[in-house]
2 protein chains.
Amino acid sequence: MTTDSTQTLATGSRASWRRTHTCGELRSSHIGSTVTLNGWVAGRRDHGGIYFVDLRDRYGMTQVTLATELSDRTQFSTEWVVAITGEVVARESGNANAELPTGEVEVRVKELVVLSQATVPPFEVDDGIETAVEIRLRHRHVDLRRPEMTRNLIHRSRFIGAMRRAFEAQDFVEVETPILTKATPEGARDYLVPSRVHPGEFYALPQSPQIFKQILMVSGLDRYFQVARCFRDEDLRADRQPEFTQLDMEMSFVAEDDVFEAWEKVMASVFDEVMGIQLATPFARLTWREAMDRFGSDKPDLRYGLELVDLAQWVPLSGFKVFEGALAEKNGRVMAICVPGGGSAISRGQMKTLESRAKELGAQGLAWWKPGESGGGAGPVARFCEGDSGADLLARLGGGEGDLVLFCAGEQRLVWKVLGALRTDCARRLELIPKGHTAAEHYCFAWVVDFPMYEWDEETGAFMSAHHPFTAPVDPTLAGDQGELMSRAYDLVLNGWELGSGSIRIHDQKLQARIFDQLGISPQEARAKFGFLLDALGSGAPPHGGFAMGLDRVVALTLGLEGIRDVIAFPKTTSATDLMCGAPSPVPDRQLAEVHVARAGRGRTAEGGAASPAGA
Amino acid sequence: MTTDSTQTLATGSRASWRRTHTCGELRSSHIGSTVTLNGWVAGRRDHGGIYFVDLRDRYGMTQVTLATELSDRTQFSTEWVVAITGEVVARESGNANAELPTGEVEVRVKELVVLSQATVPPFEVDDGIETAVEIRLRHRHVDLRRPEMTRNLIHRSRFIGAMRRAFEAQDFVEVETPILTKATPEGARDYLVPSRVHPGEFYALPQSPQIFKQILMVSGLDRYFQVARCFRDEDLRADRQPEFTQLDMEMSFVAEDDVFEAWEKVMASVFDEVMGIQLATPFARLTWREAMDRFGSDKPDLRYGLELVDLAQWVPLSGFKVFEGALAEKNGRVMAICVPGGGSAISRGQMKTLESRAKELGAQGLAWWKPGESGGGAGPVARFCEGDSGADLLARLGGGEGDLVLFCAGEQRLVWKVLGALRTDCARRLELIPKGHTAAEHYCFAWVVDFPMYEWDEETGAFMSAHHPFTAPVDPTLAGDQGELMSRAYDLVLNGWELGSGSIRIHDQKLQARIFDQLGISPQEARAKFGFLLDALGSGAPPHGGFAMGLDRVVALTLGLEGIRDVIAFPKTTSATDLMCGAPSPVPDRQLAEVHVARAGRGRTAEGGAASPAGA
C-alpha cells in the first residue's frame, strides 16, 4: 500500500492508479474482474471487521470493502481522493441496493492509493442540504460536488448542446459576435471597459448581439444563431444575473410563422432528445390583447383555466353604478374571474389576503360574489346579482353555486393586472397547477404576438420602444395615434414565464429613420449611435426577424427548479459579487493609470488605505 | 408587378414573396416547376432582348431571365434584394454553366418584387478583391457578403460544432464560466470593468478560464470543456485580437497520454467530418529539448526535413578555434543544417540575406560551406572542412557536393534560434513546404512535451512560470537548480504554429504553495490572489490536466489562410478598434460617475470638448 499525494509520474506515461471503470459503471456482469476505481470517499463505516467505503465520482457511487488490516494501515477520511484496485464481487444476498445502479456488486480492495487529502467540508456533500446560499457560493468547489448540482450542470450542457444541434440541422450558422463592443440600445445600463490604446474611450459589454445579428442578415448569412453571453448592469433581483446566456438567432426572408416553426422544431427536438418528452406543436398562438383579456398577463400560465371574462354586456343588467361608471371611462373595463369551488375553498381570511393583494396592485377594493343556491348569495355585490342579473352573469362565467366570483373595474391595464394576479393566486391556493416537469402536460408553451409598439415612460415623459427600436410596426405607414401602434414583436411563454422575445425587424432604412424620429432620437444622434446599422439597411437588407431565449430560465424549469442560481456554475449574488473568487476587487493605481481612469466619488474614499487615491 | 419595399404583411401570416427554394438549389429535375427565389442582384446584362440577372444568396447563385417589357417596368440594380417567381427552364444548349451547381437551368421570371433597394457598394461583392483591410472592416456588412467570407464563417461554425460534438461524444460537459471575474494570473494585462455596486472595485475579463476549470475538477465534474471567450489587453500584432476564442478543456484522473488521446480523437473526428481528411493518430510526440535540438524551435514545422545536426563530435576534427571556443562555453553548441541542392539553389545574394537574418537574430555572422567535388569547396569555413574533416562532417549531415551547410556556434538558445529561423527561410526559398490544406499530408501535428518550468525574466530579475503557476513539475521534489526544472506542460504544434498548450496541474496544496514560493509570491499574496484555489486543492483535488486550443488559428489554417481576420466575423484592428460600429467610443460623464471612475491623464485631455472633464 502506498500513499501518493505527490505526483511522481514519468512524463507521457500512464498513471499507475489510472481507473479501468468509473464509479457508476460496475454491474453483476463485471463480477470476477479486477478493476481500478478513482473517486472521493463519500462515506465509510466499520461493520463486522470489514470496512465499507462509498466511492463517488461524477458517474455514480460504488461500494468498496477493505479488510480491517488494510484499513488500519492507511489513514483516509471523507472527501479524500483515492484510487482502489480490487476484485468485483457480488454483494451478500439481502445486501444488494436496488436504489443504486451499482448496487448488486462491491469491490474487494487489494490496493489503495491516497491521491489527495481533504479538510472537513464546510457542509455535507449531499442532496437536499439546507445551507445558506452564501456559504454554498463561497465554497462552490464543494457545493458543485453534490450530486444534484452535478446533475444540473450536466443537464444544462446536454440541453444547450441539443439546441445547437437542432439549429445546425436547420442550416443555422453559429457566429461569435464581439464582447468588447459599443453601447447597445436595449436601454439597460452598460458595463464599461476603459480602453488603454484610446485614452478616454470605453468599450461596452453587449446587452445582446442585436445589431450584429442584423448586420449578419444584411451580409446574407441567412440563418444565424449563437449561444451568446449578455451583460446588464442592473439592480439585481434574487433571480437575475449581471451576465447571462441566451440562445440568440436571426433569419432572413421570413415572417412570424417561419420563426415560430424554426423554434418549435428546435424545442420539440431538444425535449425529445434530452428528456424523452414529445411536445405538441405548433404551440398555442395568442395576440397580446387576447392574452391580456383572457389571462390578465402577457406571459399567461396556460396550465389552468380561471380565465378573465369581460362583463361590459352584463353591467347594465346589474344596475351597479360603480361598474357603470368604470365602463364609461376611457379604456374602462369591468371583468371577473370565476373560481370553481371557491365559495368554500377560499376562506374568509383568504378573502382578506386576496383583497389586500388587489389593493397593493392599485384596486380600490375587491368586489366578490359567492352565488347562493337560488340566486342572491354572499358578498358585497350580491345584491346586484339577483334574479336575471345573476343568471346572466353565471352564464357568462360558466359558473354556479359554490363558486367564487372576483370582480375588477377600472382602466383596463389595472383590471388586467389585478385579475391576472388574483388568477395566479387562486390557482396556487386551489392547487390547480399540475406539479412536475417530466411529462408533456407540464409544459404549456405559447407564442404571444402583436405587442404594443411603444410604452409611455412617465419618468422621461416620452414614448420608448416596448421591444427595441428595430422592431417592425404592424402598419408600416404608422397611421394613427402613436400610443396605439402595434408591433411585430412576439414572446415565447412557458407556464407563466417569458422564455424569450423577438420580432420581425425593420429592413427599410427610411422606415427605421421614421421610428427613430418617433422615439425622439434626432437624425444626428441616430447617425452617431446607429449609423452603421442605417448604412447596412441601405445596402440591400433582406426582410428578417429573430428571437432570443434566456437559457438559464428554461434549463431551470426543465429541472423543476424555480431559481436559476442552481443551473449556473459560478453565479453572482444580488450585489453582483462572486463570493468564491472575490470579484469585483480593488486594483492597483498603476493598473488604472494604464487605462486612463481614476477612482472617483465614493470609489475614491472607499479605497482608503488599500491603495493611495489616484490623482486625476 | 409590385414594388414592395415597405412591410405590409399581416401578422403571423406567410410573406407572399416567401421563397420555395434557395439560390443554390435548382437542378434540371426542377424543370417545369414554378418557384420563388429571394436574393441579391449579383449582376445583370441585356442580351438579345432578354434581361439576364444573377440572383445570389448564401447557398449559391441562380440565373433568372426577364423579358424586356418586364425589366423595363421595374427599376432595380446591383445588390438590391428581390423576390422572383417564375418557371424553371433548361438553359439553351451550349449555355449551360458547368462551374455553377445550378448551371443547367434558369428561371423565366413572371413576377418580380423589390424587397430592398441598395446604394452602390463600396467595393465589389466578389472573391479575390484587393480592397484595403480598413475599408473592408468599415463596411463589414458588405465584405461578409462576398462568397469567400461567407464560406469562412460557415466553415468556422462547422469546425467548432464538430469539435463540440467530438468532446460531447467523450462525455465532456460544457460549462460556462464567468466573463466578469477576477484578475487572472496569465501575466498579460487585464481588461478592467468598474463596478457600480462596489465603488472603487473592478472586475477583470478572463485571460482564460484556467482557475474555474480547475475548480470544476475539484468539484468532480471529471471532464469539462468550453468554447471560451478570452481577453488580453496587449499591444496587438497584425495577427492578434484583444478577444479570442479557445476550446478549453480539463480532465480528472489523467496523465499526459490521456489528454493527448482525447484530443487526437477530437481532431481526427473533426477533420473527417468537416473536411473528409483522415488524420493519422497518434500525433508525433517530441520533448521540448528534442524539438529544439532537431528543429531549433518549440513549434517545429514537420512538413520538411533540414534538421539541425549537433557537431560537438566533429569540431575537434575541424581544428577551427572559433568553434572550439564556442563549445567550451557554458551551454555552448556548434550545430549546422545541410540544405540539399543549396549549393546552386541559394545564390550569392540570397546568402547575404541569410547572413543578415542570422545577425538580426544575434549571431556574429554566418559560417557556411558549399562542399566541392573532391573535398574543399567554397565558403568562409571551407578550409576547416578539407579531407577527413569534410568527409566526417558530410557523413554527419547526410549531405554532399552541391549542398549548402549553414553553421551556427554559441550559447544553445542562440544557436537554436538562428538555425531554426534559417531552416524555415531555406525551406521557403527551396519550396520544400507542400502547398495546400485539403489532404492529410498538409497537416503535420506534433505534441511537444516537457517544457522548462521557469523562464528567467531579465526585466524583473526573477523566475516566472513558462506556462502558468499551476503547472506540475516533472520532479515534485523540486530537486536541483530552479532554472533547470522541467514541467509537465505540453503544446500541440501544427505546421510550425502553436495551436495550443496545456499541462498536468498541481493537485497538491503543499506543492502549489512551494511553487508560489519559488515564484517569489508571498503566502499573503498567494492567499489574496489564489486563496480560493488553495482552499479547493485542500478539499480533495483529483489529479487533473487540460489543454486549450486557439480556434481562430486552426480554423484559418484549415481554410488555407495565413491570417485570422478573415475567420472572425467582426475583428478589431491592431489598435483594438472596431471600425464598423466605432468602438471604443467616448461616454458621457454621467455614465462614468455611476461606476465611480473619472477620466485621468491623457484620457482627460483627449476628451476635450466632447464631454466636460469629470471632477474626481
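Residues numbered from 1 in each chain as written. Chains lettered and ligands numbered in written order. Predicted model: local features only at pLDDT ≥ 70, side-chain atom pairs only at ≥ 80, totals over all residues. Heavy atoms only, no water.

## Side note on the overall build of chain A
Across its full length, chain A holds 18 helices and 23 strands. If you line up chain A on its principal axes, its C-alpha atoms span 90 × 75 × 55 Å. Residues counted as buried form 58% of the 616 residues belonging to chain A. Long-range contacts, defined as pairs at least 24 residues apart, comprise 66% of the intrachain contacts of chain A with a sequence gap of at least 6. For chain A, the computed accessible surface area is about 24000 Å², with 48% contributed by carbon and sulfur atoms. Charge separation in chain A, taken as the distance between the mean sites of 66 positive and 84 negative side-chain charges, equals 3 Å. (Helix = DSSP H or I, 4+ residues; strand = E, 2+ residues; numbered from the N terminus. Buried < 20%, exposed > 50% of the residue type's maximum accessible area, 1.4 Å probe, protein only. Contact = heavy atoms within 4.5 Å. Areas by Shrake-Rupley, 256 points an atom, 1.4 Å probe, with all protein chains shown as cover. Lys, Arg positive; Asp, Glu negative; His and termini not counted. Charge placed at Lys NZ, Arg CZ, Asp CG, Glu CD.)

## Some thoughts on the packing of aromatic side chains
To describe a pair of aromatic rings, one takes the distance between the centres and the angle between the planes. Residues and elements named next belong to chain A. Scanning all chains against the criterion turns up 56 aromatic pairs over all chains. Relative to Phe-76, the ring of Tyr-51 lies with its centre 6.2 Å away and its plane at 90°, an arrangement referred to as edge-to-face. One end of the pair, Tyr-51, is in strand E3 (residues 50-57); the other, Phe-76, is in the loop between helix H1 (68-73) and strand E5 (81-90), with 25 residues separating them in the sequence. Residue class for Phe-76 comes out buried when judged on its relative accessible area of 5%. Among the aromatic side chains, those forming a connected cluster through ring pairs are Phe-167, Phe-172, Phe-225, Phe-260, Trp-263, Trp-447, Tyr-490 and Phe-547. (Phe/Tyr/Trp six-rings, centres within 6.5 Å; stacked < 30°, edge-to-face > 60°.)

## A short note on the interface of chain B and chain A
Accessible area lost when the parts come together is the quantity often used to give the size of an interface. Every contact between the two is made by 147 residues of chain B and, on the other side, 147 residues of chain A. Here chain B packs against chain A, burying approximately 12600 Å² in sum over the two surfaces, 55% of which is carbon and sulfur. With a closest N to O distance of 2.7 Å, Glu-168 of chain B and Arg-165 of chain A form a salt bridge. Put simply, chain B and chain A have 63 residue pairs in polar contact (both at pLDDT 80 or more) between them. If one sorts the elements of the side of chain B that touches chain A by residue count, helix H4 (residues 147-169) of chain B sits on top with ten residues. Residues belonging to the side of chain B that touches chain A are distributed by class as follows: 66 nonpolar, 39 polar and 42 charged. Relative to strand E22 (residues 597-599) of chain B, strand E23 (residues 597-599) of chain A runs antiparallel, the two sharing three bridges. Bridging from a neighbouring strand, Val-597 of chain A pairs with Arg-599 of chain B of E22 of chain B. (Buried area = accessible area lost by both parts, 1.4 Å probe. Salt bridge = Lys/Arg side-chain N within 4 Å of Asp/Glu carboxyl O. Polar contact = N/O pair within 3.5 Å; in protein donor to acceptor, adjacent residues only side chain to side chain. Nonpolar A, V, L, I, M, F, W, Y, C, P; charged D, E, K, R; others polar. Pairing = 2+ DSSP bridges.)

## Structural notes on the sheet that holds strand E15 (residues 367-369) of chain A
In any sheet, the strands associate via hydrogen bonds between backbone groups, in a parallel or an antiparallel arrangement. Residues and elements named next belong to chain A. If you walk across this open sheet you meet the four strands as E13-E14-E16-E15, and the pairing is antiparallel. With one partner strand each, in any of the chains shown, strand E13 (309-310) and E15 form the two edges of the open sheet. Bridge count for E13 against strand E14 (residues 332-339) is two bridges, and the pairing is antiparallel. Across the sheet, residue Val-309 finds its bridge partner in E14, namely Ala-336. The sheet strands contacting helix H9 (residues 321-328) are E14, E15 and strand E16 (404-411), and the helix crosses E14 at an angle near 125°. Across the sheet, helix H12 (residues 387-397) touches E13, E14, E15 and E16, and the angle it forms with E15 is around 95°. (Axes fitted to C-alpha atoms, helices over the stretch in contact; angles between N-to-C directions.)

## Quick look at the domain arrangement of chain A
Taken domain by domain, chain A consists of domain 1 (6-116), domain 2 (150-286 + 441-567), domain 3 (304-433) and domain 4 (585-616). For domain 1 of chain A versus domain 3 of chain A, the separation of C-alpha centres amounts to 64 Å. (Domains from an automatic or database assignment.)

## Concerning empty space enclosed by the protein
Counting across every chain of the model gives 13 cavities of 30 Å³ or more. What the largest cavity holds in volume is close to 410 Å³. Considering the residues around the largest cavity, the lining is formed by 30 residues, among which Arg-164 and Val-227 of chain A together with Arg-164, Val-227 and Arg-229 of chain B are closest to the centre. Sorting the residues of the lining of the largest cavity by element identifies helix H4 (147-169) and strand E10 (223-231) of chain A together with H4 and strand E9 (223-231) of chain B as the ones contributing at least two each. The residue inventory of the lining of the largest cavity, partitioned by class, reads eleven nonpolar, eight polar and eleven charged. When its volume is computed, the second largest cavity comes out at roughly 180 Å³. Around the second largest cavity, the lining is made up of 19 residues, and of these Glu-176 of chain A together with Arg-229, Thr-245, Ile-568 and Ala-569 of chain B lie nearest the centre. For the lining of the second largest cavity, the secondary-structure elements that each account for two or more residues are H4 and strand E10 (243-252) of chain B. Across the lining of the second largest cavity, the residue classes tally to nine nonpolar, three polar and seven charged. (1 Å grid on protein atoms, 1.4 Å probe; cavity = no way out; pocket = protein on both sides within 12 Å on 5 of 7 lines; lining within 4 Å. Points joined across faces, edges and corners; volume = space filled by probe spheres on them.)

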